[in-house]
Amino acid sequence: PDSQVVIISGQEDINTAVQLLKDGAYDYWVKDDDTKDRIWQTILHIRENSILKSQIDQLKTEVQKKYDFSKSIKGNSPGIKKVFGLLEKAITNNITVSITGETGTGKEVITKAIHYNSDRKKEPFVAINVAAVPAELIESELFGHERGAFTGAQTRRKGKFEEAGKGTIFLDEIGEMDVSMQSKLLRVLQEREVVRIGGN
C-alpha cells in the first residue's frame with residue numbers, strides 16, 4: 001500500500017490524468033524527450049518524501065513514548081496512584097478534563113500524557129496560554145472569525161478549537177479569562193460546537 005505509482009503514457013487527455021491523480025497516482029505525464037530526466041527527478045522526490053515520512057513516524061513514536069505517563073510521571077505514593085487512575089479514565093473516555101494545581105506542578109505534562117496515550121494521539125495537540133492573549137483578542141483566537149466580522153478581519157481565520165479538531169486543546173491559566181468569555185467557553189465545552197465571530 002505504500003508503493004507510489006507513476007504513470008507515463010501517450011494519452012494526452014487531461015481528464016484521464018486528473019482522474020488518475022485523484023485515484024492516488026503520485027504523478028502522470030505524457031511521453032516526450034524529457035521522460036528519462038523526469039523519471040529520475042520523480043524517483044528522487046519519492047525517496048525524499050519517503051525518508052521524511054519515516055522520520056515523522058519515528059518522531060511521533062518517540063513523542064508518544066516520552067509522554068507514556070508511567071515514564072514521564074514518577075512516583076508511587078497514594079496521591080500519584082490516584083492521578084494514574086484518573087489519567088486512565090481520561091484516556092479511555094472522550095471527556096472534558098479540568099486539571100488544577102500551582103504553576104510548575106506539571107499540568108501540561110498531564111495533558112500531554114492524556115493526549116498521547118488516547119485515541120486522539122494522531123490528531124493535533126494545541127496549547128494556548130489564555131493569560132498571554134489580550135482580552136480583546138481571546139474570542140477570535142479561540143473561536144476564529146469570518147472575513148469582515150470586525151475592523152481588520154481581512155480574511156477568514158480558524159480558531160484554536162478548529163485547529164485542534166478531533167485532537168486535544170489545552171487552555172492554560174483559564175482562570176485569568178474574563179467572566180463573560182468564560183460563559184461563552186462553557187457553551188463550547190458543553191455543546192462541542194464552535195461558531196466563528198461573524199459566523200452562523
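As a reminder, the structure under discussion sits directly above these lines.
Below you will find a few notes about this structure. This structure is a prediction, so every number in the text was calculated from the model and none was measured.

### Quick notes on the pattern of salt bridges
Two side chains of opposite charge can pair, provided their charged atoms sit close to one another. In this structure the tally under the stated criterion is seven salt bridges. Lys-112 is the partner of Glu-108 in a salt bridge, and the nearest nitrogen-oxygen pair spans 3.5 Å. Here Glu-108 pairs with Lys-112, and both are found in helix H5 (residues 107-116), just four residues apart, close to one helical turn. Looking at Glu-108, the relative accessible area reads 33%, which means it is partly exposed.

### Focus on the environment of Lys-121
Among the secondary structure elements, Lys-121 is positioned in the loop between H5 and strand E3 (125-129). According to the relative accessible area criterion, Lys-121 is partly exposed, its value standing at 34%. Taking the C-alpha atoms as reference points, Lys-121 and Gly-167, separated by 46 residues in sequence, lie 7.2 Å from one another.

### Brief notes about the layout of surface pockets
Approximately 930 Å³ is the volume attributed to the largest pocket. Around the largest pocket, the lining comprises 33 residues; the ones closest to its centre are Thr-96, Val-97, Ile-169, Phe-170 and Leu-189. Contributing elements (two or more residues each) for the lining of the largest pocket: H5, helix H7 (160-164), strand E6 (168-172) and helix H8 (179-191). With five residues, the single largest contributor to the lining of the largest pocket is E6. Residues that form the lining of the largest pocket fall into these classes: 14 nonpolar, 11 polar and eight charged. In this structure, the second largest pocket encloses a volume near 350 Å³. Val-83, Leu-86, Ser-98, Ile-99 and Ile-110 are the residues nearest the centre of the second largest pocket, which is lined by 16 residues in total.

### Focus on the nonpolar core
Grouped together as the largest cluster of nonpolar side chains are 12 residues: Ile-128, Val-130, Val-133, Ile-138, Leu-142, Phe-143, Phe-161, Leu-171, Met-177, Met-181, Leu-185 and Val-188. Listing elements by their share of this core, those giving two or more residues are helix H6 (138-143) and H8. Residues within four places of Val-130 in sequence aside, it is in contact with Ile-138, Leu-171, Asp-172, Glu-173, Ile-174 and Met-177. Leu-87, Ala-90, Ala-113 and Ile-114 belong to the second-largest nonpolar core, a separate cluster that totals seven residues.

About the thresholds
- Residues numbered from 1 in each chain as written.
- Predicted model: local features only at pLDDT ≥ 70, side-chain atom pairs only at ≥ 80, totals over all residues.
- Heavy atoms only, no water.
- Salt bridge = Lys/Arg side-chain N within 4 Å of Asp/Glu carboxyl O.
- Helix = DSSP H or I, 4+ residues; strand = E, 2+ residues; numbered from the N terminus.
- Buried < 20%, exposed > 50% of the residue type's maximum accessible area, 1.4 Å probe, protein only.
- 1 Å grid on protein atoms, 1.4 Å probe; cavity = no way out; pocket = protein on both sides within 12 Å on 5 of 7 lines; lining within 4 Å.
- Points joined across faces, edges and corners; volume = space filled by probe spheres on them.
- Nonpolar A, V, L, I, M, F, W, Y, C, P; charged D, E, K, R; others polar.
- Core = buried A, V, L, I, M, F, W, Y, C linked by side-chain atoms within 4.5 Å.
- Contact = heavy atoms within 4.5 Å.

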